[in-house]
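For reference, the chains in residue letters:
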Amino acid sequence: SACVIVAATPALAAEHVVVQKDKAFNVQKLKVKVGDSVKFVNDDPFSHNVFSLSDAKSFDLGTYPKGGAKSVTLDKPGVVEVECAIHPDMRMTIEVAK
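Residues numbered from 1 in each chain as written. Predicted model: local features only at pLDDT ≥ 70, side-chain atom pairs only at ≥ 80, totals over all residues. Heavy atoms only, no water.

Student: Can you walk me through the packing of aromatic side chains in this structure?
Tutor: Here the distance between the centres and the angle between the planes together describe a pair of aromatic rings. Taken as a whole and judged by the stated rule, the model has 2 aromatic pairs. Seen in terms of ring centroids, phenylalanine 25 and phenylalanine 40 are 6.1 Å apart; in terms of plane orientation they differ by 65°. Their pairing is edge-to-face. Here the residue phenylalanine 25 occupies a position in strand S3 (residues 24-25), and phenylalanine 40 occupies one in strand S5 (residues 37-42), the gap between them amounting to 15 residues. You can call phenylalanine 25 buried: its relative accessible area is 4%. Here phenylalanine 40 falls in the buried class, since its relative accessible area comes to 0%. Following the ring pairs from residue to residue traces out a cluster consisting of Phe25, Phe40 and Phe59. (Phe/Tyr/Trp six-rings, centres within 6.5 Å; stacked < 30°, edge-to-face > 60°. Helix = DSSP H or I, 4+ residues; strand = E, 2+ residues; numbered from the N terminus. Buried < 20%, exposed > 50% of the residue type's maximum accessible area, 1.4 Å probe, protein only.)

Student: How should I be thinking about the sheet that holds strand S7 (residues 58-64) in this particular structure?
Tutor: Backbone-to-backbone hydrogen bonds join strands into a sheet, with any given pair of strands oriented parallel or antiparallel. As summarised here, the arrangement of the 5 strands in space is S4-S10-S9-S6-S7, forming an open sheet in which the pairing is mixed. Of all strands in the sheet, those with a lone pairing partner are strand S4 (29-33) and S7, marking the two edges. Taking each pair of neighbouring strands and ignoring which way they run, the sheet shows an average axis angle of 20°. Relative to strand S10 (residues 91-97), strand S9 (residues 78-84) runs antiparallel, the two being bridged by 6 bridges. (Pairing = 2+ DSSP bridges. Axes fitted to C-alpha atoms, helices over the stretch in contact; angles between N-to-C directions.)

This is how it looks when you write it as structure tokens:
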């Protein structure tokens with residue numbers, strides 16, 4: 001399992017890891033709970049820019065290179081559509097449950 005429990009967060013909050021490889025997210029759908037975080041790891045030889053315009057969580061992690069990783073905490077329930085600003089074919093969905 002890719003879940004890592006982080007002691008500094010509220011009880012039972014988990015960190016889920018999503019890897020960007022070959023211009024794709026390694027998972028198309030991810031189910032998480034409110035309070036969980038998702039860490040996006042760039043394993044491609046070029047930069048990615050992960051963002052979402054979703055009501056449940058709007059974010060822009062900015063551009064970061066191979067080996068870089070950025071995290072986002074999902075603090076309310078709903079569906080989060082995630083894309084890459086550089087590679088529009090890169091898409092995934094995160095379902096955030098209460």
